[in-house]
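Descriptive structure summary
Listed below, chain by chain, are the residues.
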Amino acid sequence: MFLPPAFVITAECDPLRDDGEAYAERLRALGIAARYKRYPGMFHGFMSFPGALPEAAEAFEDAGKALREALG
């Protein structure tokens, strides 16, 4: 099985947080390059507010960095 590297973003106060982090761990267990970052104090959908939440802007920067790294 081949899957590309993954960068999983989770929010501390998101009911789906544990699922996202377990997904990244499962990918790693399968030998797929995967990592995740949890954003403290954030909620589901926080990335919809990059102008209001510095953490959302940071998450976009982190996602862009992960993409650039994956593309080489």
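Residues numbered from 1 in each chain as written. Predicted model: local features only at pLDDT ≥ 70, side-chain atom pairs only at ≥ 80, totals over all residues. Heavy atoms only, no water.

**Observations regarding the environment of Ile32**
Summarising the element assignment, Ile32 is placed in the loop between helix 1 (17–29) and strand 2 (34–39). A residue is classified by how much of its surface remains accessible, and Ile32, at 7% relative accessible area, is buried. Taking the C-alpha atoms as reference points, Ile32 and Met47, separated by 15 residues in sequence, lie 25 Å from one another. (Helix = DSSP H or I, 4+ residues; strand = E, 2+ residues; numbered from the N terminus. Buried < 20%, exposed > 50% of the residue type's maximum accessible area, 1.4 Å probe, protein only.)

**A word on the side chain of Asp14**
Here Asp14 is to be found in the loop between strand 1 (6–11) and helix 1. No salt bridge is formed by the buried Asp14. Its closest oppositely charged neighbour is Arg17, at 8.2 Å. Within polar-contact distance, the side chain of Asp14 engages the backbone nitrogen of Leu16 at 2.8 Å. Aside from chain neighbours lying at most four places away, what touches Asp14 is Met42 and His44. (Lys, Arg positive; Asp, Glu negative; His and termini not counted. Salt bridge = Lys/Arg side-chain N within 4 Å of Asp/Glu carboxyl O. Polar contact = N/O pair within 3.5 Å; in protein donor to acceptor, adjacent residues only side chain to side chain. Contact = heavy atoms within 4.5 Å.)

**Side note on the pattern of salt bridges**
Oppositely charged side chains can pair when the atoms bearing their charge come close. Tallied over the entire structure, the rule returns six salt bridges. A salt bridge links Arg38 to Glu21, with the nearest nitrogen and oxygen atoms 2.7 Å apart. With Arg38 in strand 2 and Glu21 in helix 1, this pair connects stretches of sequence that are 17 residues apart. Given a relative accessible area of 36%, Arg38 falls into the partly exposed group. Among the residues examined, Glu21 registers a relative accessible area of 7% and is labelled buried. Arg28 is paired through a salt bridge with Glu25; the nearest N and O atoms lie 2.5 Å apart.

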